[in-house]
Each structure stands twice: as structure tokens, then as C-alpha cells.
Amino acid sequence: MSTGELLNIEPLELKFPFELKKQISSSLQLSNKTDSYVAFKVKTTNPKKYCVRPNTGIVMPRSTCDIMVTMQAQKEAPPDMQCKDKFLLQSVKTVDVTNPKDITAEMFNKEVGHVVEECKLRVVYVSPPQPPSPVPEGSEEGSSPRGSVSENGNANGSDFMQAARGFAERPEAQEKSSEARALISRLTEEKNIAIQQNSKLRQELELLKREGNKSRGGVSFVFVVLIGFLGIIMGYIMNKA
């Protein structure tokens, strides 16, 4: 609060909760400490950026007046959120002027002998208020949300172990696991039998080739039948795989 001979001004800092692309307002209150009418005028170093209502006025004796300062929407934030803009509030005691429409710039001219009080106000950007965090579902007021989280914020390992053990002990899981093991075992056995049969057929084929080379009539009928039979078995093995 600024305490002059004419006015009390509160606050001395215009605080704006800065947000991009949004108009933001801050207010001042002037209190007339005297039994006379006091005229005031508000100036700023950046008039295009701010709108002051009212920027001039009369504060009646022992009364107050509120001023609203609105910052226009900004497209970008200043470096380090620091603002160099300033305001100057001038006040002067008046006798003849009681209507704000009659206020002139000459009334605040010190060079002609008028006693003018001046108060400088600085602009401060503050962080906008954060919305309250939503209450997690299932939690009660005054109690922490339920869950497997310890006091230091880490998940409780025993809870994970219990969950994994419970899943493994389910009848459905055990039944599916047994069926999978039986299927793998049966396929492995069939594969081994097919490999043994294939090896045996190769050996018989080699013997037939040797006998065929010794005969005069070329390839025998039995050799052709065995070749066909071998092809059928190989096709069966490939389909099973």
C-alpha cells in the first residue's frame, strides 16, 4: 500500500496471471484520506497494451474508487516472464472540479505550481491458478486412493507376485498348459517317426537302384511303385509340418 498525503493506493504491483491469447485484468483501489475532492490520472509506458478504466476521475472525500487495468491478449510470452511496463498514478487536490468530465491535463502540470502527488506502479506476471486435480475413482474423501502403491510412491512387489501366482493357479490356465504340452509331445513323436521312415525308404531306394543297374530291362515295376509310395509319404510329412 502507498500512503501519500492525498490517496492510499493498493496494491503497488499490478499482478497479471499471464496466459497467451487471453485478456487479463488487475484492479487498483484508491482511498481518499482528505476532506477534499481529489482528481487522479493514470499513465502507462505502453498505452497500446493496456486499457485503464477509468484512466481519470474524482475521488470524493473519505471515499474509495476502483480502477480496472486490462492487458490485451498477448501472442507470445516475454523472456523469463519479466515485464518492464510501468504505470504512473498522479493525484491532485481540487476545489472547483467535482465532475470527472471537467478534468484537464493542466491540473497535473507541476510547472504552473500545482502540487501533484505521483506513485509509480510496476507490472508483475504470475502463474495462472492451476485447476484442482480430480479425485481418483473409488477413493474416499480424506483417505488415500486404494491401490498397490506404497507410501514412497513405488509399486508393492508382493502384490505383483500374488497376482501372478493367482493367475498360474487358475484351473483354466493349468488345463490349457497341459493341452499345449501334450500337443507338442505328440507332434515331436510323429516328426521322429517320419524321419525314421524317410531314412529307411532312402536305404531301400539305394538297394533298388543297385539291382536295377544290374538288370537288363531298365527300371522295374517294383521300383516305380516304391518311388510313388515315397512321394506320398514325403507329401504327408510336409503337410504335418
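Residues numbered from 1 in each chain as written. Predicted model: local features only at pLDDT ≥ 70, side-chain atom pairs only at ≥ 80, totals over all residues. Heavy atoms only, no water.

## A closer look at the overall build of the chain
- Across its full length, the chain holds 3 helices and 10 strands.
- Reading the chain from its N terminus to its C terminus gives the helix and strand order β-β-β-β-β-β-β-β-β-β-α-α-α.
- Across the 241 residues in the chain, those meeting the buried criterion constitute 24%.
- For the chain, the computed accessible surface area is about 17,900 Å², with 53% contributed by carbon and sulfur atoms. (Helix = DSSP H or I, 4+ residues; strand = E, 2+ residues; numbered from the N terminus. Buried < 20%, exposed > 50% of the residue type's maximum accessible area, 1.4 Å probe, protein only. Areas by Shrake-Rupley, 256 points an atom, 1.4 Å probe, with all protein chains shown as cover.)

## Things to note about the UniProt feature "coiled-coil region" (unreviewed entry) in the chain
- Residues given the UniProt feature "coiled-coil region" (unreviewed entry) here are residues 184–211.
- For residues 184–211, helix accounts for 100% and strand for 0%, while the C-alpha atoms at its two ends are 41 Å apart. (UniProt positions renumbered as here; feature names shortened; annotations may be inferred.)

## A few points about the environment of Cys 51
- Tracing the sequence through the fold places Cys 51 in strand β6 (residues 50–53).
- A relative accessible area of 25% places Cys 51 in the partly exposed class.

## Topic: empty space enclosed by the protein
- Summed over the entire model, instances satisfying the criterion amount to 1 cavity of 30 Å³ or more.
- Counted as a void, the largest cavity has a volume near 50 Å³.
- Lining of the largest cavity is provided by Leu 201, Glu 204, Leu 205, Leu 208, Leu 226, Ile 227 and Leu 230.
- Those elements that place two or more of their residues in the lining of the largest cavity are α2 (171–214) and α3 (221–240).
- By residue number, the principal contributor to the lining of the largest cavity is α2, which donates 4 residues.
- For the lining of the largest cavity, a count of residues per class yields 6 nonpolar, no polar and 1 charged. (1 Å grid on protein atoms, 1.4 Å probe; cavity = no way out; pocket = protein on both sides within 12 Å on 5 of 7 lines; lining within 4 Å. Points joined across faces, edges and corners; volume = space filled by probe spheres on them. Nonpolar A, V, L, I, M, F, W, Y, C, P; charged D, E, K, R; others polar.)

## As for the nonpolar core
- Core analysis: the biggest nonpolar cluster contains 26 residues, and Phe 16, Tyr 50, Ile 67 and Phe 87 have the highest contact counts within it.
- When neighbours within four sequence positions are excluded, Phe 87 is seen to be in contact with Leu 14, Val 42, Lys 43, Thr 44, Tyr 50, Val 52, Val 69, Cys 119, Lys 120, Leu 121 and Val 123.
- Of all hydrophobic cores here, the second largest spans 8 residues; its members include Ile 58, Ile 103, Phe 108 and Val 116. (Core = buried A, V, L, I, M, F, W, Y, C linked by side-chain atoms within 4.5 Å. Contact = heavy atoms within 4.5 Å.)

## Notes on the side chain of Asp 85
- Counting through the fold element by element, Asp 85 comes out in the loop between β8 (64–71) and β9 (86–94).
- Classification of Asp 85 as buried rests on a relative accessible area of 10%.
- Among the polar contacts listed, one links the side chain of Asp 85 to the side chain of Tyr 50, at a separation of 2.7 Å.
- Residues in contact with Asp 85, not counting those within four places in the same chain, are Thr 45, Asn 46, Lys 49, Tyr 50, Arg 122, Val 123 and Tyr 125. (Polar contact = N/O pair within 3.5 Å; in protein donor to acceptor, adjacent residues only side chain to side chain.)

## Topic: the sheet that holds strand β3 (residues 13–17)
- One open sheet accounts for 5 strands, arranged β3-β10-β9-β5-β7; its pairing is mixed. Two strands close off the open sheet at either side, each with one partner strand: β3 and β7 (56–59). Across the sheet, the mean angle from the axis of one strand to that of its neighbour is 25 degrees, orientation sign disregarded.
- Summarising the sheet, strand β5 (residues 37–44) and β9 pair through 8 bridges and their orientation is antiparallel. (Pairing = 2+ DSSP bridges. Axes fitted to C-alpha atoms, helices over the stretch in contact; angles between N-to-C directions.)

## Brief notes about the packing of aromatic side chains
- This structure, assessed with the given rule, holds 3 aromatic pairs.
- Relative to Tyr 125, the ring of Phe 18 has its centre 4.8 Å away and its plane inclined at 45 degrees; by these criteria the two rings are tilted. Residue Phe 18 is found in the loop between β3 and β4 (24–32), and its partner Tyr 125 is found in strand β10 (residues 117–126); the two are separated by 107 residues along the sequence.
- Residue Tyr 125 is classed as buried on the basis of its relative accessible area of 9%.
- Ring geometry for Tyr 50 against Phe 87: centres 5.0 Å apart, planes inclined by 70 degrees, an arrangement best described as edge-to-face. Taken together, the positions of Tyr 50 in strand β6 and Phe 87 in strand β9 put the pair 37 residues apart, joining distant regions of the chain.
- Taken together, the ring pairs in this structure connect Phe 16, Tyr 50 and Phe 87 into an aromatic cluster. (Phe/Tyr/Trp six-rings, centres within 6.5 Å; stacked < 30°, edge-to-face > 60°.)

## What about the confidence of the model for the chain?
- Model confidence for the chain is summarised by a mean pLDDT of 81, while 73% of its residues fall at 70 or above.
- Every residue in residues 147–155 scores below 50 in pLDDT, and together they form 7 contacts with partners more than four places removed in sequence or on other chains. (pLDDT = per-residue confidence, 0-100.)

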